[in-house]
Amino acid sequence: MLGYIASRAFRALVTILLVLTFAFFILNATGDPAILILSADAPPEAIEAFREEWGLNAPLWKQYLGYLWNLAHGELGRSMRDGRDAWAVVSERIPVTLAITIPALIIKLVIGISAGIVAALWRDTWVDRLVMAFSVTGYTVPSFVLGLALMLVFAVQLGWLPAAGADSWRHAILPIITLGVAGAAVLARFTRSAMLEVLGQPFIRTGLAKGLVWRAVVIGHAFPNAAIPTLTIAGFMIGSLVAGAVVVESVFAWPGVGRLLVSAVGNRDLMVVQAILLLVTVTMVSANLIVDIVYGFVDPRLRTARGGPARGGT
Amino acid sequence: MSDASLPSTEVETSGRRRFFRAWPPAVLLALAWIAFIALVSIFADWLKPYDFMALDLRDRLAEPVFMDGTFRHLLGSDELGRDVLSRLIESVRMSLVIAFLSTLIAAGIGVSLGFLAAHFRGWVEQIILGAIDFMAAIPFLIIALAVLAFFGNTLTLFILLMGMHGWERIARITRGLAIAAKEQGYAAAASEIGASPFRVYGAHILPNIASTLIVAMTLNIPEVILLESGLSFLGLGVQPPLTSLGNMVGYGREYIQTAPWILLSPAVVIILTTLAVSVVGDWLRDRLDPTLR
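Residues numbered from 1 in each chain as written. Chains lettered and ligands numbered in written order. Predicted model: local features only at pLDDT ≥ 70, side-chain atom pairs only at ≥ 80, totals over all residues. Heavy atoms only, no water.

A. Layout of the environment of A119(A). All names here are of chain A. Counting through the fold element by element, A119 comes out in helix α6 (residues 94–121). For the pair A119 and R268, spaced 149 residues apart in the sequence, the C-alpha separation amounts to 47 Å. Setting aside residues no more than four positions away along its own chain, A119 makes contact with D128, V131 and R192. (Helix = DSSP H or I, 4+ residues; strand = E, 2+ residues; numbered from the N terminus. Contact = heavy atoms within 4.5 Å.)

Written out as structure tokens, the structure reads:
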């Protein structure tokens, strides 16, 4: 088990390092930040001073090592726009984003998993068709369309809720619903197919044959086995808590990490973009790592198997 | 699903019922919609009533026919007097072309890497598997955002970037199928009589696993449409003066109170298209390859 955890943790670290390296070279290879920020017709002395200040005159590999060195000391650089610490700029947005993504996650888990289970247990009834129709809709309606539709109905037409902004808790309702509905649909579909697959297994028949009641078979045998694929998707959702709301935040002008990213990208604020990338990668990779470790506990077969469980795509 | 093996009672069912069992109405509708938008994008230049960039400042924010408008602008016009229907037709073409090309790119990368992994095994396979895991673990939308913003956005780059989406799933499927196929007689026989690896994989294994790959590609298309329209909605995808469905919705958001029709028709087209392609993809999967999930 320890070996399993260690190999997973090593992979996670490699992934984070790869993303950082990739991002560093992509972002630095794509234009001179000095010119991007100061504009091309700035006086040469100003550009030179800017390059000097940000260490842009050093060769790229030196900048890269310097970046890693600072990173290892917990320094993520300063925003090239306003000179504030990049991490401070990013971290003050995190609670704002979590204020909508955590309630949305709870909605996704509660509605998505229970709808998926109900649909699988009552397969081919009207309940199942209803859940699947809802789920397909959630798959195919882009979140910005859903958000705008909710806004049109509940804010513009009915006037019950504010359309955009973040001044009160009432502003959070529409973004939370938008995020929650889409995620619940995805989760319902996965839970349903996982349950159906498990319910078709011989050990379910064995359980029934040895005289267990249906309820005991479902709770004792079907749930734990169906939990594994469901866990993957849930882990992915937990990993995207910080940055899974880029589009929805934009729709509702919710001032979280996602909107900061969009504006930092627009402003060419390298350090802030890199800080957000780091934050997002670390959360996603650690969520995956935790899921992998939980897998190891839930399913002893995986501790020894190479490669681990197949990750289901969305 | 072969009709010959059906028990005799089932044979009595009318031809129509048998037809709809093989071709469910939802699938027929979805196929019809796909055929329709495919035709629209092929013949876009003839179908557009106006140039999609043409301004008509005397006729700004005209209402569509279904909202007391006139037939001058069937789906209304926007803030600059551009005809919504013409822009919609142009956008449909743009979004479909992007989705199709980038899925082809993803399939090209995925199939090549999958074959390489299956052929060489060993450390080549380990590297490719590592790359697949890496792709599955990174926040693709965020990285795409960063790349687009810093490279400056051109259509070619955008399509290439979208082509990076989903290759890892195709690579994983290809590798698994190719390894299985190598064990079968036909591939071994082909290489025994001296066929080069390129020939064995391209001319013998590929046709045999094509049905599964087509299903995987079909399921990739709606995802690319959603990704593309999301990025374009944020203003970071297809750049004006070009237009795509997400672009139109993003632009129409400004007028959601005064002129909701600007975003209404592109939003509906996005939903119907992703829905139709998903329905067809699921149906193909059930028909061609029930093992895929």
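B. Here's a closer look at the interface of chain A and chain B. On the side of chain B, 42 residues touch chain A, which itself brings 43 residues to the contact. With both sides pooled, the region where chain A packs onto chain B buries about 3,800 Å², and carbon together with sulfur makes up 75% of that total. Of all residues in chain A, T140(A), F144(A) and L148(A) give up the largest surface area on contact with chain B, accounting jointly for 15% of the area buried on that side. On the surface where chain A and chain B come into contact, there are one salt bridge. The salt bridge partner of D282(B) is R189(A), with a shortest N-O separation of 3.2 Å. Between the two partners, chain A and chain B, sit three residue pairs in polar contact (both at pLDDT 80 or more). (Buried area = accessible area lost by both parts, 1.4 Å probe. Salt bridge = Lys/Arg side-chain N within 4 Å of Asp/Glu carboxyl O. Polar contact = N/O pair within 3.5 Å; in protein donor to acceptor, adjacent residues only side chain to side chain.)

C. Main features of the packing of aromatic side chains. Residue and element names in this part refer to chain B. All told, the structure shown has four aromatic pairs over all chains when counted by the stated rule. Here W33 and F36 contribute two aromatic rings whose centre-to-centre distance is 5.5 Å and whose plane-to-plane angle is 45°, an arrangement assigned as tilted. Here W33 pairs with F36, and both are found in helix α3 (residues 25–42), just three residues apart, close to one helical turn. Considering the side-chain rings of Y251 and Y255, the 5.5 Å spacing of their centres and the 50° angle between planes classify their relative orientation as tilted. (Phe/Tyr/Trp six-rings, centres within 6.5 Å; stacked < 30°, edge-to-face > 60°.)

D. How the structure looks around the packing of helix α11 (residues 197–233) of chain B against helix α12 (residues 245–252) of chain B. Residue and element names in this part refer to chain B. At a closest axis distance of 7 Å, the pairing of α11 and α12 adopts a crossing angle of 35°. In the crossing of α11 with α12, the sense of the turn from one axis to the other is right-handed. Each of S229, S232 and F233 in α11 lies in contact with α12, whose residues at this interface are G246, N247, V249 and G250. Looking at the contact of α11 with α12 residue by residue, the class counts come to two nonpolar, five polar and no charged. (Axes fitted to C-alpha atoms, helices over the stretch in contact; angles between N-to-C directions. Left-handed = near helix turned anticlockwise from the far one by under 90°. Nonpolar A, V, L, I, M, F, W, Y, C, P; charged D, E, K, R; others polar.)

E. Examining the environment of S229(B) more closely. All names here are of chain B. Residue position: S229 is located in helix α11. Remark: the alpha-carbon pair of S229 and G250, spanning 21 residues in sequence, is separated by 9.0 Å. One polar contact links the side chain of S229 to the main-chain carbonyl oxygen of L226, over a distance of 3.1 Å.

F. Region of the structure containing the nonpolar core. Membership of the largest hydrophobic core comes to 110 residues, with the highest contact counts inside it found for F144(A), L148(A), V251(A), V272(A), I276(A), F233(B) and V249(B). Sequence-distant contacts of V251(A), that is, excluding residues within four places in its chain, are made with F144(A), G147(A), L148(A), M151(A), F233(B) and R253(B). Listed in part, the 18 residues of the second largest apolar core include I170(B), I179(B), A195(B) and Y201(B). (Core = buried A, V, L, I, M, F, W, Y, C linked by side-chain atoms within 4.5 Å. Buried < 20%, exposed > 50% of the residue type's maximum accessible area, 1.4 Å probe, protein only.)

G. Just the confidence of the model for chain A, in detail. Residues and elements named next belong to chain A. Across chain A, the average pLDDT comes to 78, with 88% of residues at or above 70. Here helix α15 (residues 301–304) stands out as the element of chain A with the lowest mean pLDDT, 61, in contrast to α6, whose mean of 88 is the highest. Of the regions scoring below 50 in pLDDT, residues 306–314 engages in 24 contacts with residues more than four places distant in sequence or in other chains. (pLDDT = per-residue confidence, 0-100.)

H. Main features of the side chain of K108(A). Residues and elements named next belong to chain A. Counting through the fold element by element, K108 comes out in helix α6. There is no salt bridge for the buried K108, and the closest opposite charge comes from E249, which lies 11 Å off by N-O distance. For K108, the contacting residues outside a window of four places in its chain are I113, L179, G180, G183, A184, L187 and M237. (Lys, Arg positive; Asp, Glu negative; His and termini not counted.)

I. How the structure looks around the pattern of salt bridges. Enumeration according to the criterion identifies six salt bridges over all chains in this entry. A salt bridge links D128(A) to R192(A), with the shortest nitrogen-to-oxygen separation between them at 2.7 Å. Within this pair, whereas D128(A) is found in helix α7 (residues 126–140), its partner R192(A) is found in helix α9 (residues 170–199), the two being separated by 64 residues in sequence. For the pair formed by D128(A) and R192(A), the shared burial category is buried. Residues R121(B) and E125(B) are paired through a salt bridge, measuring 3.1 Å at the closest nitrogen-oxygen approach. Salt bridges sharing common partners tie together R121(B), E125(B) and R175(B).

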